Amino acid sequence: MTNYSKRTQMVHGGVRRSQYGELSEAMFMTQAFVYPNAEAAEARFVGAGEDEFIYARYGNPTNRMFEDRIAMLEGTEDAFACTSGMAAVNGALMALTKAGDHVVSSRALFGSCLYVLEEVLGRFGVEITLVDGTDNAAWEAAIRPDTRLVFFESISNPTLEVVDMAHVVKCAHAVGALVVADNAMITPVYSYAAKLGADLVVYSTTKHVDGQGRMLGGAICGSRELIRGPIETYMKHTGGAINPFAAWTHLKALETIDLRVRAQSESAIKVVEALSGHEKLSFVNYPTHPSHRQYDLAISQAPSAGTVLAFEVKGGKEACFTFLNALEIFIISNNFADAKSIATHPATTTHQRLPQEQKDELGISDGLVRLSVGLEDPSDLIADLMQALDRL
Ligand SMILES: *Cc1c(COP(=O)(O)O)cnc(C)c1O
């Protein structure tokens, strides 16, 4: 498949057909696998080939199809599919660090990622340094000869800060540290992480891969050496493998991801343009719009920042809630990357538990709204936003 474009690969990549010759990929709902005789069982346990399976926690043909297909999309040799995005983040971090290691991470992180870094790794004696991910000098100052691993969200949620990935990778690799990029926001369609040298790219496939709000899932993409080495070993023994139903859903969803994400991202920039300069808003934030303070960097890395934007409603929480409650198409929810457009108020939901000073530091104000742009007609979405802003 390697000669074909990603869109073709996403339809045909990784297929394993059974003896029945099914057109649509089969879902192998089985926990274990059987052997024709005791010798074959013994041989399988001595060394299972690429298409030989033992137990679903270790691997499954449906999971393997999904892993091959998402690795093709990311442009890495291999991938391991996980129960959720957090299983992927936890797996990548836990599999590669040990007591006494030093880890540097950007500060603007998804709350659960911050928990794994500070609480879990911290408890096992890993030292964490948090930096402003947009500040190249801060990365240079924080990365030390004993730094084992560097972690960041390529584009942060919900504040849409952009990491200069080539620079951070260069600093990390200069001291032999591994780079793990959490790529949920930039999406696998616009990803540049593998191309710019990230060693592992982690996805919450709950987001754009599923794209229709059904299943949790995750994936860790990288070299065969890392994926089938420390990552698979850690994941298979600690129970983080995706279940075959979720793997099948996400495998089939990859067939349409290019069309969906491109359409949603084109709508997102139209929404940004419609909202820019609106008198009821203090700012609109979208990295690949020229008004973003990191526009030059963002556009040099990817042609689009994806399906999510943020803005601040003037008048604080009260005005913001009036606006949110007036929306007719946008659904109030905490998820993103769905076919249905979603509006989120991070300060009172996803980031509610952060202390005020941390909210201030990250820019999560009472007026901040995160919008996830779905597959609806963008003119309907813009009209919905405008009528809700008119209520203010
Ligand atoms: C959603 C998300 C996760 C966690 O993914 P789940 O599938 O919900 O476990 C991790 N990182 C980022 C940036 C996310 O947006």
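Please read these numbers as outputs of a predicted model, since none were measured by experiment.

## Looking at the environment of Y115
- Here Y115 shows up in helix α5 (residues 111-123).
- Here Y115 is in contact with V120 and R123, once residues within four sequence places are set aside.

## Observations regarding helix α4 (residues 85-96)
- Between its terminal C-alpha atoms α4 stretches 17 Å, which fits the 16 Å expected from twelve residues at 1.5 Å a residue.
- Where α4 is concerned, the buried positions are G85, A87, A88, V89, G91, A92, L93 and L96.
- Where α4 starts, the residue carrying a side-chain oxygen 3.3 Å from the main-chain nitrogen of M86 turns out to be S84.

## Side note on the sheet that holds strand β4 (residues 147-153)
- In spatial order, the strands read β1-β7-β6-β5-β4-β2-β3; together these seven strands make up an open sheet with mixed pairing. The sheet is open, and its two edges are formed by β1 (78-82) and β3 (127-131), each paired on a single side. Each strand axis lies, on average, 20° off the axis of its neighbour in the sheet, ignoring direction.
- Direction of pairing for β1 relative to strand β7 (residues 218-222): antiparallel, over a ladder of five bridges. Considered in β7, the bridge of A79 is made with C221.
- Sheet strands touched by helix α9 (residues 224-238): β1, β5 (178-182), β6 (200-204) and β7. Its angle to β1, the strand with the most contacts, is close to 20°.

## Here we look at the packing of aromatic side chains
- Inspection of the entire model under this criterion finds three aromatic pairs.
- Between F33 and F53 the ring centres are 5.6 Å apart and the planes differ by 35°, which places this aromatic pair in the tilted class. Within this pair, whereas F33 is found in the loop between α1 (6-12) and α2 (38-46), its partner F53 is found in the loop between α2 and α3 (61-74), the two being separated by 20 residues in sequence. For the pair shown, F33 and F53 are each scored as buried.
- Look at W139 and F152: their rings are 6.0 Å apart centre to centre, the planes differ by 80°, and that puts the pair in the edge-to-face class.

## Quick look at the nonpolar core
- Counting residues in hydrophobic clusters, the biggest one holds 87 residues, and the most contacted among them are L275, L309, F311, F323 and L371.
- The dominant element in this core, judged by the number of residues it contributes, is helix α11 (residues 257-275), at six residues.
- No fewer than three residues from each of domain 1 (6-253) and domain 2 (260-389) sit in this core.
- The contacts of F323, once residues within four sequence positions are left out, are F311, V313, V369, L385, A388, L389 and L392.
- With 28 residues, the next largest nonpolar core counts C113, L121, L149 and A241 among its residues.

## Observations regarding unusual backbone geometry
- Cis geometry is adopted by the peptide bond preceding P158, which originates at N157 and carries an omega value of 5°.
- Topologically, P158 is positioned in the loop between β4 and α7 (165-174).
- At L160, a position not held by glycine, the phi torsion is positive, near 55°.
- Structurally, the position occupied by L160 is in the loop between β4 and α7.

Criteria and thresholds
- Residues numbered from 1 in each chain as written.
- Predicted model: local features only at pLDDT ≥ 70, side-chain atom pairs only at ≥ 80, totals over all residues.
- Heavy atoms only, no water.
- Helix = DSSP H or I, 4+ residues; strand = E, 2+ residues; numbered from the N terminus.
- Contact = heavy atoms within 4.5 Å.
- Expected span 1.5 Å × (residues − 1).
- Buried < 20%, exposed > 50% of the residue type's maximum accessible area, 1.4 Å probe, protein only.
- Polar contact = N/O pair within 3.5 Å; in protein donor to acceptor, adjacent residues only side chain to side chain.
- Pairing = 2+ DSSP bridges.
- Axes fitted to C-alpha atoms, helices over the stretch in contact; angles between N-to-C directions.
- Phe/Tyr/Trp six-rings, centres within 6.5 Å; stacked < 30°, edge-to-face > 60°.
- Core = buried A, V, L, I, M, F, W, Y, C linked by side-chain atoms within 4.5 Å.
- Domains from an automatic or database assignment.

Bear in mind that shape data such as this cannot, by itself, settle questions of function.
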